[in-house]
2 protein chains.
Amino acid sequence: MFNSLYLDCLNSAEQNSIQENVMKLFENSTDSVKAEREMDEHINAIVKNFLRTINSSSDIEISELIENFTNSKFPSKTVNNKTYVNKLYEQVVTHSIHTSSPRFIGHMNAALPYFVRPIAKLMTAMNQNLVKTETAKALTPYQRQVLAKIHRLIYDFPEEFYSQHIQNPQSTLGIIVSGGTIANITALWCARNASLGPKDGFTGVTNEGLAAALNCYGYNGAVVIGSSLIHYSFEKAADLLGIGAHGLIKVPANHKNQIDLQALRQTIRKCRAQNQHIIAIIGVAGTTDSGGVDSLSDIAHISQEANVHFHVDAAWGGPVIFSQKHRHKLAGLEKADSVTIDGHKQMYLPMGIGMLFLRDPKKAEVIEKQAPYAVRKKSVDLGKRALEGSCPSTVLLLDAGLNLIGVKGYEFLINEGIRKTQYLANCISAMPEFELLAEPDLNILIYRYIPDSLKENATKGKLTKIENEFLNRFNHQLQKDQRHAGRTFVSRTTTNTTRYGQDIPLVALRSVIANPLTTEDDIDAVLNDQIKIATEIVIR
Amino acid sequence: MFNSLYLDCLNSAEQNSIQENVMKLFENSTDSVKAEREMDEHINAIVKNFLRTINSSSDIEISELIENFTNSKFPSKTVNNKTYVNKLYEQVVTHSIHTSSPRFIGHMNAALPYFVRPIAKLMTAMNQNLVKTETAKALTPYQRQVLAKIHRLIYDFPEEFYSQHIQNPQSTLGIIVSGGTIANITALWCARNASLGPKDGFTGVTNEGLAAALNCYGYNGAVVIGSSLIHYSFEKAADLLGIGAHGLIKVPANHKNQIDLQALRQTIRKCRAQNQHIIAIIGVAGTTDSGGVDSLSDIAHISQEANVHFHVDAAWGGPVIFSQKHRHKLAGLEKADSVTIDGHKQMYLPMGIGMLFLRDPKKAEVIEKQAPYAVRKKSVDLGKRALEGSCPSTVLLLDAGLNLIGVKGYEFLINEGIRKTQYLANCISAMPEFELLAEPDLNILIYRYIPDSLKENATKGKLTKIENEFLNRFNHQLQKDQRHAGRTFVSRTTTNTTRYGQDIPLVALRSVIANPLTTEDDIDAVLNDQIKIATEIVIR
């Protein structure tokens, strides 16, 4: 059936034309340089237009959009790049989300500074692979340096510590990964392997597996503990690492969206009583739901007492340490054994940049692997200690951020996000149409719309379960309609840490403010758009 | 100590200047557009120069290079982008590896077509996140379509199959990941979870963990089986998934670098006799070492008989299916339950594009996770079934490759790589200075240098262990010296599938030809460079 795809089915003139076309794509000839420049200009125009659009998306229904993408056959002919880019523009770009719109304030896609575009081009052109120095000569020590700088910002160890470890191939201050999920999984992988290492003839979990490890250590099982608000990447970690969802113990969160410390202590006691090995305790700095920050100092203290690895998922909140004004919210972060931070969130960089930092530079030894063709034992190759293999040089974007936005620039961005979120919170509190569902710690805020008929009961906090269920349906519909209209955007979530208690989950509108171009006017526009849409909603 | 980093320590004029600087990075103003264009031109010039360099790298020693990267302190001031890019050029770009040089024929970094640079810019500018449709509206169905096309090329199911699954949110034909390692881990994760699912009141390994699963199913342990030449990502997978290195059984490979089928059958029988659960059997299409391709049809047959998941790691070799002439080497791939292919290898695309394909569109159900703020149960969000979370739109690069290089263009690239590798093999066979260590299946080739004194014994295949150890040291030094000189590059590995038998591992020079600009002259230049360098080597 695919016969028509192959060169052998073509006559030699056709074959030559294919060859010529391909070679032109790779050559450094004048023709190729010209073709690239034309394509670049074409893309520049599309990008410029895309970035200037205020609406958050087109209003086409997804069901309709899908109709354009139901062809599973390969194009039998290549097209020229102009035709291709035009089609791409029409079918894909036009119906993409304007994540950089100042009125798209619903997800963790930050707006981006312009320099990421030229730097991304450089990164693509150089195409280094950080897995080994033979494909990333200067970038290997450069990446170690960038990670050491952020490590120092978190842990603030003395100069000698950094001189000793920054370029020591046996030390790992941090690992660059594709995102927070891989960082979180890597952290728990390190914690599991370190805590179930070699002992009395047993060669460690990494060699003999989890069942044998539990057996040798005499445990009935193994667990990881965090609040009910930890990111779903921990479900993946628990599953992958073989402890299963039941091994991921979720302690209730309080109304401030922080782990209940007493419940945490009880859980630890219970695990110990049941002879369950505790692999790690998780703190969150910026829950995905509502930006809540656990009391990290307290968890650090509890973890230390229990002698358990303390991991902080600061994928969202980590960069708050750039802010003198707000960094106290993350107090205790410096006591964490490992910390996840995403570059593509509050470091205002493109998708695909996650980081894991390790307090103990030797910790990652327990996940080290070797291969005969690379990452050999004594090598300086970064791929020795990493969950992933081939790794693009996203560090170029990170370093550009640290230099061109700069630490003070990041401080400004963090402060602004929190300030504007406070503005949004004030608006919501002042407007009878809305109810604030949690005081924001950072720049994520959850709230909901309250129709006229329920305002009085809502204000008193006396809505019945049935009324709350009605509000859930209403707000669900409101978020969908707002998304569909495409003028403004917030996301939605479900919270059960409100005054209505755990058993009444509330559907919430969720705003994330991480765009310096979002003004108070934009925030007003989002709320007014919701009020307008709400008047048209009919819920039975 | 970091006090000077913070805004609060600045006077208000300084604060304003920081704010102004940051806003300029994000604004759509004329000034910002101009600044971006200037930076873009600056980067263009650097890229052009970088891509035209023939030498594979600079000749600076890594120990010397490291001296530039020992500062763990943040820059206290931001710099302008011109100064920054100049410094980046000097410190990093100059000492990066020219992975696109036609004489860099040693690693799996393919040369890149020009369109990846503008497309990477578009991808960066749009900054969609494929984890959910709310941040990737058109890209979600678009990605499903691209994956379906490649799925069809592998499996060639009838049209109805694709109509049914291509846009069905409950079906997963493929997953885009950051690289082959994550694809391989995901495949084994699916295989483990599917084969240890719910049973008689047991709710499955994903809930109850591996120890409970083995216990419930009555197994003594769990294993994955592949040849001794499987990629080291499987070591990571075995460790992560809780079966440990001992659970990764490596069957010897024959002199063609293929798994020994009889030994595989024996291993299966032995596992069964020992009541070890077999999670998956791995076939390799293009070993990292030498490009060997397992006899996939036979392994498929054996796996089917044993009722075990058959995974093929075709990270390197997968795109050989584009070639009418060579695709027979991958016969049996279409019987695999899962297939890994890397876009950043033989699809000639930049780092960070891996893919996993699944024969059964329901297979990935067993790794599905949900969260209240996204990837909800019934949603069409791709992040529901993925090891990673946030995911950049690298699919734009993939699709551009399929359209602008095209399937016939890929066929040409594959054919050329193999043809030129055959040329290299012929040269090596004809030159007394070298010994071919394996007949190449694809475009990876291993060989070694033989100094004068050992030529006679080498030709007869009668080198002693001591002589081979001398050759190992010699070729090790040769590869290092060649890398350091920086004019040409091949990598090195260690092989133990030669005529000298398993117990005498041989250090091999390893060439990978994946650059359409590499000519026969370049290949000659690499060999002549080695001969020249070899004359200067003194080994005791």
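Thresholds, definitions, all that
Residues numbered from 1 in each chain as written. Chains lettered and ligands numbered in written order. Predicted model: local features only at pLDDT ≥ 70, side-chain atom pairs only at ≥ 80, totals over all residues. Heavy atoms only, no water. Axes fitted to C-alpha atoms, helices over the stretch in contact; angles between N-to-C directions. Helix = DSSP H or I, 4+ residues; strand = E, 2+ residues; numbered from the N terminus. Parallel < 35°, antiparallel > 145°, perpendicular 65-115°, else oblique. Left-handed = near helix turned anticlockwise from the far one by under 90°. Contact = heavy atoms within 4.5 Å. Nonpolar A, V, L, I, M, F, W, Y, C, P; charged D, E, K, R; others polar. Patch = residues over 30% accessible without salt bridge, like charges linked within 9 Å, V, L, I, M, F, W, Y side chains within 5 Å. Areas by Shrake-Rupley, 256 points an atom, 1.4 Å probe, with all protein chains shown as cover. Salt bridge = Lys/Arg side-chain N within 4 Å of Asp/Glu carboxyl O. Lys, Arg positive; Asp, Glu negative; His and termini not counted. Charge placed at Lys NZ, Arg CZ, Asp CG, Glu CD. Buried < 20%, exposed > 50% of the residue type's maximum accessible area, 1.4 Å probe, protein only. Buried area = accessible area lost by both parts, 1.4 Å probe. Polar contact = N/O pair within 3.5 Å; in protein donor to acceptor, adjacent residues only side chain to side chain. Pairing = 2+ DSSP bridges. Arc of directions from axis to C-beta. Right-handed = clockwise from strand over helix to strand, strands pointing away. Least-squares fit on C-alpha atoms with pLDDT ≥ 70 in both. Phe/Tyr/Trp six-rings, centres within 6.5 Å; stacked < 30°, edge-to-face > 60°. Lys NZ or Arg CZ within 6 Å of the ring centre and 35° of its normal. Expected span 1.5 Å × (residues − 1). pLDDT = per-residue confidence, 0-100.

### A look at the packing of helix α8 (residues 180-195) of chain A against helix α10 (residues 233-240) of chain B
Piece 1. Contact pair α8(A) / α10(B): the axes reach a minimum separation of 11 Å and the direction vectors enclose 70°. On the basis of the axis angle, α8(A) is roughly perpendicular to α10(B). You can see that α8(A) and α10(B) cross each other, and the crossing is left-handed. Residues A:Ile185, A:Trp189, A:Arg192 and A:Asn193 of α8(A) lie in contact with α10(B), whose contacting residues are B:Lys236, B:Asp239 and B:Leu240.
Piece 2. When grouped by side-chain class, the residues that make up the contact of α8(A) with α10(B) number three nonpolar, one polar and three charged.

### Let's talk about a negative patch on the surface
All names here are of chain A.
Piece 1. A surface patch of negative charge is lined by Asp59, Glu61, Glu64 and Glu67.
Piece 2. With respect to the helices, strands and loops of the structure, Asp59 is situated in the loop between α2 (30-52) and α3 (62-66).
Piece 3. Assessed through its relative accessible area of 53%, Asp59 is described here as exposed.

### Side note on the interface of chain A and chain B
Piece 1. Facing 191 residues of chain A, the contacting portion of chain B comprises 191 residues.
Piece 2. At the boundary of chain A with chain B, total buried surface from both sides reaches about 16800 Å², with 63% on carbon and sulfur atoms.
Piece 3. Applying the counting criterion to the chain A and chain B interface returns twelve salt bridges.
Piece 4. Between A:Lys121 and B:Asp40 there is a salt bridge, with the nearest N and O atoms lying 3.1 Å from each other.
Piece 5. Where chain A meets chain B, there are 80 residue pairs in polar contact (both at pLDDT 80 or more).
Piece 6. Of the residues in the side of chain A that touches chain B, the class split is 94 nonpolar, 60 polar and 37 charged.

### Some thoughts on the sheet that holds strand β9 (residues 444-449) of chain A
Residue and element names in this part refer to chain A.
Piece 1. The strand order across the open sheet formed by four strands is β8-β9-β11-β10, and the pairing between neighbours is antiparallel. In the strand order of this sheet, the two ends are held by β8 (434-436) and β10 (491-495), each with one partner. Strand-to-strand, the axes of this sheet are offset by a mean angle of 45°, without reference to chain direction.
Piece 2. Together, β8, β9 and β11 (506-512) form the strand contacts of helix α14 (residues 395-430), whose direction differs from that of β9 by roughly 20°.
Piece 3. Running over the sheet, helix α17 (residues 520-534) touches β8, β9 and β11 and is turned about 25° from β9.

### Quick word on unusual backbone geometry
Piece 1. Even without being a glycine, A:Tyr348 presents a positive backbone phi close to 55°.
Piece 2. In this structure, A:Tyr348 sits in the loop between β6 (338-342) and β7 (354-358).

### Points about helix α4 (residues 81-91) of chain B
Residues and elements named next belong to chain B.
Piece 1. Taken as a whole, α4 has its buried residues at Asn81, Tyr84, Val85 and Leu88. For α4, the buried positions fall inside an angular range of 95° around the axis, keeping them on one side. Opposite the buried face of α4, at more than 90 degrees from it, the exposed residues are Lys82 and Glu90.
Piece 2. Among the residues of α4, the N-terminal cap falls to Asn80, whose side-chain oxygen and the backbone nitrogen of Lys82 are separated by 3.0 Å.

### With respect to the environment of B:Ser12
All names here are of chain B.
Piece 1. With respect to the helices and strands, Ser12 occurs in helix α1 (residues 12-26).
Piece 2. Taking relative accessible area as the criterion, Ser12 reaches 53% and is therefore assigned exposed.
Piece 3. With 436 residues separating them along the chain, Ser12 and Arg448 place their C-alpha atoms 67 Å apart.

### Comments concerning the pairing of strand β3 (residues 248-251) of chain B
Residues and elements named next belong to chain B.
Piece 1. Note: strand β2 (residues 221-227) against β3, four bridges, orientation parallel. Across the sheet, residue Ser227 finds its bridge partner in β3, namely Val251.
Piece 2. Once the chain exits β2 it traverses α10 before rejoining the sheet at β3, and the crossover so formed is right-handed.

### Re the packing of helix α1 (residues 12-26) of chain A against helix α13 (residues 395-430) of chain B
Piece 1. Two numbers describe how α1(A) lies on α13(B): the axes approach to 9 Å, and their chain directions differ by 100°. When the axis of α1(A) is compared with that of α13(B), the two are roughly perpendicular. Side by side, α1(A) and α13(B) meet where A:Ile18, A:Gln19, A:Asn21, A:Val22, A:Met23, A:Leu25 and A:Phe26 of the first sit next to B:Leu404, B:Ile405, B:Lys408, B:Gly409, B:Phe412 and B:Leu413 of the second.
Piece 2. Tallied by class, residues from the contact of α1(A) with α13(B) come to nine nonpolar, three polar and one charged.

### A word on the relation of the copies chain A and chain B
Piece 1. Screw-axis analysis of chain A against chain B gives a translation of 0.0 Å along the axis, an RMSD of 0.0 Å, and a rotation angle of 180°. The operation mapping one copy onto its partner corresponds to a two-fold rotation axis.
Piece 2. When the interface residues of chain A are mapped onto chain B, 99% of them again fall at the interface, so both copies present the same face.

### So, the packing of aromatic side chains
All names here are of chain A.
Piece 1. In total, this model carries 28 aromatic pairs over all chains according to the counting rule given.
Piece 2. Plain terms: the ring middles of Phe202 and Tyr217 are 6.3 Å apart, the flat faces sit at 90° to each other, and that makes the pair edge-to-face. Placement of Phe202 in the loop between α8 and α9 (205-208) and of Tyr217 in helix α10 (residues 210-217) is noted, with a sequence separation of 15 residues between them. The two residues Phe202 and Tyr217 agree in class, both being buried.
Piece 3. Feature note: the residues Phe434, Tyr447, Tyr449, Phe470 and Phe474 constitute an aromatic cluster, connected by ring pairs.
Piece 4. A cation over an aromatic ring shows up here: Lys199 above the ring of Tyr217, its NZ or CZ 4.5 Å from the ring centre.

### So, helix α16 (residues 520-534) of chain B
Residue and element names in this part refer to chain B.
Piece 1. The end-to-end C-alpha distance of α16 is 21 Å, a good match for the 21 Å that 15 residues give at a rise of 1.5 Å each.
Piece 2. Looking at α16, one finds that the buried residues are Asp522, Ile523, Ala525, Val526, Leu527, Asp529, Gln530, Ile531, Ile533 and Ala534.
Piece 3. Close packing links the buried residues of α16 with α13, β8 (434-436), β9 (444-449), α15 (465-485) and β11 (506-512).

### A closer look at the sheet that holds strand β1 (residues 174-177) of chain A
Residues and elements named next belong to chain A.
Piece 1. Spatially, β1-β7-β6-β5-β4-β2-β3 is the arrangement adopted by the seven strands of the open sheet, whose pairing is mixed. What marks the edges here is a single partner per strand, and that holds for β1 and β3 (248-251). Strand-to-strand, the axes of this sheet are offset by a mean angle of 20°, without reference to chain direction.
Piece 2. Seen against the sheet, helix α13 (residues 296-306) touches β4 (276-284) and β5 (309-313) and runs at an angle of roughly 165° to β4.

### Structural notes on the environment of B:Gly180
Residue and element names in this part refer to chain B.
Piece 1. Topologically, Gly180 is positioned in helix α8 (residues 180-195).
Piece 2. When the C-alpha atoms of Gly180 and Gln167 are compared, they prove to be 24 Å apart, with 13 residues separating the residues in sequence.
Piece 3. In this view, Gly180 contacts Thr340, Asp342 and Gly354; residues no more than four positions away in its chain are not counted.

### Here's the deal with the confidence of the model for chain A
Piece 1. Mean pLDDT over chain A works out to 95, with 99% of the residues at or above the 70 mark.
Piece 2. The ipTM for the predicted assembly is 0.97, set against a pTM of 0.97.

### Remarks on the pattern of salt bridges
Piece 1. Applying the stated criterion across every chain, the model contains 40 salt bridges over all chains.
Piece 2. Residue A:Lys250 is joined to A:Glu235 by a salt bridge in which the shortest nitrogen-to-oxygen separation is 2.4 Å. Taken together, the residues span a long stretch of sequence, with A:Lys250 in strand β3 and A:Glu235 in helix α11 (residues 233-240) at a distance of 15 residues.
Piece 3. Judged by its relative accessible area of 36%, A:Lys250 is partly exposed.
Piece 4. Three or more residues are tied together by salt bridges with common partners; here these are A:Asp40, A:Lys121, B:Asp40 and B:Lys121.

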